Number of protein chains: 2
Amino acid sequence: MSLPGHPSPEDIYERARKKIPAISLATVYKNIRTFLDSGMLQEVSLHHGSLRVEPNHEPHHHLVCVNCKSITDLDASGFDPLQFRRGLPRGFRVKRIAVDILGICQRCSSAGAPKHR
Amino acid sequence: MSLPGHPSPEDIYERARKKIPAISLATVYKNIRTFLDSGMLQEVSLHHGSLRVEPNHEPHHHLVCVNCKSITDLDASGFDPLQFRRGLPRGFRVKRIAVDILGICQRCSSAGAPKHR
DNA sequence: ATCGCTGCAAAACATTTGCAGTTTG
DNA sequence: CAAACTGCAAATGTTTTGCAGCGAT
C-alpha cells in the first residue's frame, strides 16, 4: 500500500524483501490474490487470461463481467469524450478513451455461478 | 474480423484453421501483433506485461501511455458515473467503472522514444 | 535473388499450485 | 492441535523468437 503508483507483483516483491528478506515471490502472488479477491486491492485492468482483440472501431464501451470475464459491447452514442480533455497533463496525446463497466453479469448472478478460472 | 465479440488468439486460431488447416498458432500471434501495431486491431484492455495493482480507491481515471505503459491517476471529481446506468442490460450488477485514457505521454512524444518491449 | 511470411520447436515470461514445514492463536 | 501461511520447485498458460524453408515478386 505504501508503494506509489500501480506496482507490479515484482515491485511488491522487491519492496517486501526489504522488510522480510526471505519472502518468496510465490507468497507475494498468493497475498496479492487474496487481497484482490477480498476487494482490498483492484487490478488496473482486468486480466482476461489471454489477449482479447477488438475489431469494433465504433465508439462503444465495454460491459465486463469480473466473474466470467465476458465482454459485451455497449453503444457509446451520447457519450462525450470531451469531458475528459480537461485536467490532462501537458503533452499527453489522447488516442482513445476506453470505458469499462465492471460488474457481475446476469448469468453469473443467477445460480451458483462458479468462479471462472 | 468476421468473428463476433472479442476473440482470443486461440479463437482466431480455431477459426483460421477452417480455411487454412495447416496454419500455426505462432503465425496467428504474429499477425495479431502486426495488426495491433498498425492500429487495424485494438486490445480490449492494454496488456501491461504483468499484473498492476491499484491501491487507490478514490474515484479516478487512468492516463495510460500505450508506448511505455506508464499509468497516471487522474482525479475523477466532476465525473458522473450515472450517465452509464442507462442502456445496461437487465441483471448486470455494476461494481465499478474504469475509464482509461489511452495515448502517448509527454516523455514518449519527445525524442525518439523507443518502443517499450 | 530477395524479401516477407510460414511452421515448428524452443524459449521466455507471468502466474498458480502441490507439498511439506512453520507459525499462530 | 487446528488453521492459516510460507518457501520451494514444478506445473500451467500465454506470448515471443530463432531458424530454416517456401512463395511471390
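Structure: above.
Residues numbered from 1 in each chain as written. Chains lettered and ligands numbered in written order. Predicted model: local features only at pLDDT ≥ 70, side-chain atom pairs only at ≥ 80, totals over all residues. Heavy atoms only, no water.

### Some points on the protein's contact with DNA strand C
Inference 1: The local shell around DNA strand C holds 16 residues, among which Tyr-29 of chain A together with Ala-22, Ile-23, Thr-27 and Lys-30 of chain B are the closest.
Inference 2: When the atoms of DNA strand C within 4 Å of the protein are sorted by group, sugar and phosphate make up 73%.
Inference 3: For DNA strand C, a phosphate oxygen lies 2.5 Å from a polar atom in the side chain of Tyr-29 of chain A.
Inference 4: In the environment of DNA strand C, a phosphate oxygen lies 2.8 Å from a nitrogen or oxygen atom belonging to the backbone of Ala-22 of chain B.
Inference 5: Looking at the surface near DNA strand C, the elements with two or more residues in it are helix H2 (25-38) of chain A together with helix H2 (25-38) of chain B.
Inference 6: Class assignment for the residues of the surface near DNA strand C results in seven nonpolar, five polar and four charged. (Near = heavy atom within 4 Å. Polar contact = N/O pair within 3.5 Å; in protein donor to acceptor, adjacent residues only side chain to side chain. Helix = DSSP H or I, 4+ residues; strand = E, 2+ residues; numbered from the N terminus. Nonpolar A, V, L, I, M, F, W, Y, C, P; charged D, E, K, R; others polar.)

### As for the protein's contact with DNA strand D
Inference 1: Close contacts around DNA strand D come from 16 residues, with Ile-23, Thr-27, Lys-30 and Leu-51 of chain A together with Tyr-29 of chain B the closest.
Inference 2: Sugar and phosphate atoms represent 70% of those atoms of DNA strand D found within 4 Å of the protein.
Inference 3: One nitrogen or oxygen atom from the side chain of Asn-31 of chain A is found 3.3 Å from a phosphate oxygen belonging to DNA strand D.
Inference 4: Among the elements of the structure, H2 of chain A together with H2 of chain B are those that each provide at least two residues to the surface near DNA strand D.

### Section: the packing of aromatic side chains
Aromatic rings in a pair are described by how distant their centres are and how their planes are angled relative to each other.
Residues and elements named next belong to chain A.
Inference 1: Counted by the stated rule, this structure contains four aromatic pairs over all chains.
Inference 2: A centroid spacing of 6.0 Å and a plane angle of 45° characterise the contact between Phe-79 and Phe-84, whose relative ring orientation is tilted.
Inference 3: The exposure class assigned to Phe-79 is buried, which follows from its relative accessible area of 16%.
Inference 4: Phe-84 sits in the buried class, given a relative accessible area of 5%. (Phe/Tyr/Trp six-rings, centres within 6.5 Å; stacked < 30°, edge-to-face > 60°. Buried < 20%, exposed > 50% of the residue type's maximum accessible area, 1.4 Å probe, protein only.)

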